[in-house]
Amino acid sequence: VGDKVSVYFQISNKAATPIRFEFPETLPDPYASVLRISPSVGHVQPKERKTITVTFEPTSKLDAAANIEANIAHIKYEGEPEDWDDTMKKADFSTSPPVSPRSQRGE
C-alpha cells in the first residue's frame, strides 16, 4: 500500500501485416483507479514488438484477481505504415509566426 510497482511485457507481431492492440479503456473494479497500462492502444509493425508497462499503485489492501485482455486485430494502412501508440505526442516545430485575429479579418 502506498508503493508504486511497474512490470513490463512485450506484444510481438510475428505476422507479415501490422497489428493493432487495445486494452480496455476502463479496467474492472477494484483496479480501475490503481492500475495503468501504457500504451493502452497502438500498432505493432510486422516482425516487431512493443513494450507495455503495467503500473500498480494501490491505496488500500486488495485481495482480488482479474484477467485483462487486449483486443488484437490485423490492420491495413492507407499510405506508409508508421509506428504509433497513445503515448506519442505530436509537436509542431513550424517557424511561421502566429497569425493575429486582426490580420485574419483584413484589418
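Scroll up for the structure.
Residues numbered from 1 in each chain as written. Predicted model: local features only at pLDDT ≥ 70, side-chain atom pairs only at ≥ 80, totals over all residues. Heavy atoms only, no water.

Draft legend 1. Molecular detail of the overall build of the protein chain. Counting its regular elements, the protein chain contains 1 helix and 6 strands. Each helix and strand of the protein chain, ordered N terminal to C terminal, gives the series β-β-β-β-β-β-α. A total of 107 residues make up the protein chain; the buried ones form 22% of that total. Once local pairs closer than 6 in sequence are excluded, the contacts in the protein chain between residues at least 24 apart make up 73%. Summed over all atoms, the accessible surface of the protein chain reaches about 8,500 Å², with 49% contributed by carbon and sulfur. (Helix = DSSP H or I, 4+ residues; strand = E, 2+ residues; numbered from the N terminus. Buried < 20%, exposed > 50% of the residue type's maximum accessible area, 1.4 Å probe, protein only. Contact = heavy atoms within 4.5 Å. Areas by Shrake-Rupley, 256 points an atom, 1.4 Å probe, with all protein chains shown as cover.)

Draft legend 2. Molecular detail of the packing of aromatic side chains. Under the counting rule described, the total for this entry stands at 3 aromatic pairs. Ring centres 6.3 Å apart and planes at 80° place the aromatic pair Phe-9 and Phe-23 in the edge-to-face group. Of the two residues, Phe-9 is situated in strand 1 (residues 5-12) and Phe-23 in the loop between strand 2 (19-22) and strand 3 (35-38); the sequence distance between them amounts to 14 residues. Centroid distance Tyr-31 to Phe-56: 6.3 Å. Interplanar angle 55°. Geometry classified as tilted. Of this pair, Tyr-31 sits in the loop between strand 2 and strand 3 while Phe-56 is found in strand 5 (residues 49-56), placing the two residues 25 residues apart along the sequence. Taken together, Phe-9, Phe-21 and Phe-23 form an aromatic cluster joined through their ring pairs. (Phe/Tyr/Trp six-rings, centres within 6.5 Å; stacked < 30°, edge-to-face > 60°.)

Draft legend 3. The arrangement of the pattern of salt bridges in detail. With the rule as written, the count across this model stands at 4 salt bridges. Between Lys-50 and Asp-83 there is a salt bridge, and its shortest N-O distance comes to 2.9 Å. Here Lys-50 is found in strand 5, whereas its partner Asp-83 is found in the loop between strand 6 (71-74) and helix 1 (101-105), with 33 residues between them in sequence. Assessed through its relative accessible area of 8%, Lys-50 is described here as buried. Judged by relative accessible area, Asp-83 falls into the partly exposed class, the value being 43%. Across the pair Lys-50 and Asp-85 runs a salt bridge, and its minimum N-O distance is 3.0 Å. Here Asp-85 lies in the loop between strand 6 and helix 1 and Lys-50 lies in strand 5, a separation of 35 residues in the sequence. Side by side, Lys-50 and Asp-85 carry an identical accessibility label, which is buried. Members of the salt-bridge network, linked through shared partners, are Lys-50, Asp-83 and Asp-85. (Salt bridge = Lys/Arg side-chain N within 4 Å of Asp/Glu carboxyl O.)

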